[in-house]
Amino acid sequence: MSGFEVERRDKENISCLYVKGFLDAHTAPQFEEAIQNLVDEERFKIIVNLCDLTYISSAGLGVFMGFIEDIRSKGGDLKLSNMTSKVYKVFDLLGFPNLYEIYEDENEAVDKYQKA
Amino acid sequence: MTDIDKKVKLKEIDERLMELSSLFEISKLLSSTLNLQSVLNNILLTPMGRMMINKGLVLLDKGSNYYSIEALKGLPHEFFGKTFQIEDIPNHPVFLPLFLNEVENNTKPYIDFLKQQNLKLIIPINSSNKILGALVFGGKLSGLDYSEKEIDYLLSLSNISATAISNSVMFQEIDSVNRKLDQTNQGLNTLFEIGTELNSTLDAAKILKLLGFALMGQMLINKYAIYLKSEDRFELKDSKGLRDLPDCPQDVPDIYSLFKELRIPYEVDAETDDEIRECFIENNINLLVPMMIQDETKGVICLGDRINKSPYSEFDREFLNTLANQAMISLENARLFKETVEKQKMEEELAVATEIQNNLLPKRFPEFDNLELEAVNIPSKYVGGDYYDFIKLDNDILVTVIADVSGKGVPASLLMANLQASIRALAGEIEDSAVLTAKVNDIIYDNTASDKFITFFYSRFDKSTGELEYCNAGHNHPVVINRDGSLKYLDEGGLILGMLPDLTYKKGLVKLNPGDTVIMYTDGVTEALNHEEEEFEETRLMEVIEKEYKSPASIIESSIITAVYDFADGYPQSDDLTLVILKLLDDE
């Protein structure tokens, strides 16, 4: 199995997660932990930058689903950015674009948070 | 031709040119796109702009005489997608007020709709051999009727558009088929990936977690619950985003039987039984998926609303079925593995306990003149906590102990070791049996949980005087049988050890004469069971004793054991069986 890495960078009250590699059933718990940490620290304004993500499966998407309601109910959001067309296709097939804000570029997502 | 005539003619030519160029323009546009929506929008907007028509819509054939509104302008957007059954769609332009007289039954829903929306003109969309649908327009802002020329123009527009529409429809169909294929493909990939992952773990918690991720990601839900069956109950094992779920649905009999009989995904809807519906709808659960192994439903996944509100498709159900069954197999494997490991662990523990216990029992018995000592301990399969000991303090003093420690396995063995160490340490120090027993009681009380206790019999025989002093802490009373057959029971003492601290015990005293026998035993003897689950009981024990008391100690012992074995007749015993016999021989 190829590896998966998640790196976090905080910019003021926004936290950005940079995910890299394969996000599948095997690595989903790792990603879940990263988001759980943010939730535990009450950092609810989250951007997930997917520029280096090679592959995502349903289990990976399941992680997004598991958190979104909780995070939104606390006034935050999970915004997604910089996904490759291959990754976008999976999001699209399962109907995610209607439920999540997806941006071409991370800065757009940051702007959105700052203007809100 | 007069100038005026010429001007009129020129104007007509100009208008005709404009019409043609608009048709040309739209035909160019139409053939440059395969996007159905943009094709339909152009077909509506171009004539609306040119003729100042206030509203319009496009009806397209959906098969079996059904037509749906696929584009609209100047009408409420909620009508988009509205479907009508139209058996007699016109194949020529129709001016609605006139058409109404043609149709026999004016009350058809689509006619009603067109009337209500004040639509006036129907232009069929004819392709080479079939009617694709119709363009429907409202009135002109000028309030004038459509002229023949205008109708001709609209018909030309419709004819030009027919090919583009049919191409776009086909393209859309292919696109949708492709998308479906992609979705199927994606679903199969998920199943494959989850399957691989599920098979690589034997940790039930991890399996449930993976299942949860796959459900949420693939089905676009964030509420679910998983019930698993253990023996005859369904228990809530995992849930997300749901509150107030019943832990055990068997409390509601209808739900229990629904779960048990569930073979295919079941949608909770208006027709579901009231009690069941109440329970699930309140929790936003609308689909139940069985988790099956062979033909048995071993679990049920309850799914909450989908966030995009779309219904579960045929493929979704198949996906869920497969995923649920796959997860169930992994959970079952995990359970079997855990069971095997636990069984092994228990067997190993029992082996350790047996070894400890064996080492605590005396290997060699002390020797005294004219005194026969016999003892036997037969551990049950599950290792009870029987214990006995002989301690020779000097040439004349013999301490004999018999005890039954509650519980089994390693904890019982350790308590027994504790008991043995205390007695061995104290027997030489404390002469008085009652004081010694009280002391041992305090030690045991301090070192054990309150639910652990010991029945205990301690005796100290002085051969020089023939006196046997004893203290019985709740143990089956030993029997003394004299050479003339008279009986005495050794029952002076007090409460079992380990229950309460600081107790006072009474001691008893009997004088033994040559030919007398003392028989001590544990409840494994009197409570031995036969196939009818009847106990051996003291009466049967006494019968053997009364018959054999004149025999040597070893014969008495083997007679009792034989009697118990004959009685049990191979029925498995759950407790240890221990027998200790002292027999004073005639001096010679």
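This text goes with the structure placed above it.
Cut-offs used in this document
Residues numbered from 1 in each chain as written. Chains lettered and ligands numbered in written order. Predicted model: local features only at pLDDT ≥ 70, side-chain atom pairs only at ≥ 80, totals over all residues. Heavy atoms only, no water. Buried < 20%, exposed > 50% of the residue type's maximum accessible area, 1.4 Å probe, protein only. Helix = DSSP H or I, 4+ residues; strand = E, 2+ residues; numbered from the N terminus. Pairing = 2+ DSSP bridges. Core = buried A, V, L, I, M, F, W, Y, C linked by side-chain atoms within 4.5 Å. Contact = heavy atoms within 4.5 Å. Salt bridge = Lys/Arg side-chain N within 4 Å of Asp/Glu carboxyl O. Nonpolar A, V, L, I, M, F, W, Y, C, P; charged D, E, K, R; others polar.

1. Topic: the pairing of strand β11 (residues 296-304) of chain B
Residues and elements named next belong to chain B.
Here is step 1: Within β11, eight of the nine residues are buried, leaving the element largely enclosed by the surrounding structure.
Here is step 2: In this sheet, β11 lies alongside strand β7 (residues 224-230) in antiparallel orientation, the contact comprising five bridges. Within β11, the residue paired with A225 across the bridge is C302.
Here is step 3: Where strand β10 (residues 285-293) and β11 come together, eight bridges link them in antiparallel fashion. Along β11, the bridge assignment pairs L288 with C302.
Here is step 4: Hairpin remark: β10 followed by β11, antiparallel, with two residues in the connecting loop; positive phi at Q294, about 50°.

2. Focus: the nonpolar core
When a protein is soluble and globular, its nonpolar side chains tend to lie buried together.
Here is step 1: With 67 residues, the main nonpolar core has F31, I35, F64 and F91 of chain A together with M291 and L303 of chain B as its most contacted residues.
Here is step 2: No other element matches helix α6 (residues 204-219) of chain B, which puts nine residues into this core.
Here is step 3: Those residues in contact with F91 of chain A that lie beyond four places of it in its chain are L50, I56, L61, F64, L80, M83, F96 and P97 of chain A.
Here is step 4: Grouped together as the second largest cluster of nonpolar side chains are 49 residues, M416, L490, L497 and V518 of chain B included.

3. Some thoughts on the interface of chain B and chain A
Here is step 1: At the junction of the two partners, chain B supplies 21 residues and chain A supplies 25 residues.
Here is step 2: Counting across the chain B and chain A interface gives four salt bridges.
Here is step 3: Counting only elements with at least two residues in the side of chain B that touches chain A, the list comes to α5 (148-199) and α6 of chain B.
Here is step 4: The biggest single contributor to the side of chain B that touches chain A is α5 of chain B, with eight residues.
Here is step 5: Along the lines of polarity and charge, the residues of the side of chain B that touches chain A split into eight nonpolar, six polar and seven charged.

Read these as geometric descriptors, not functional statements.
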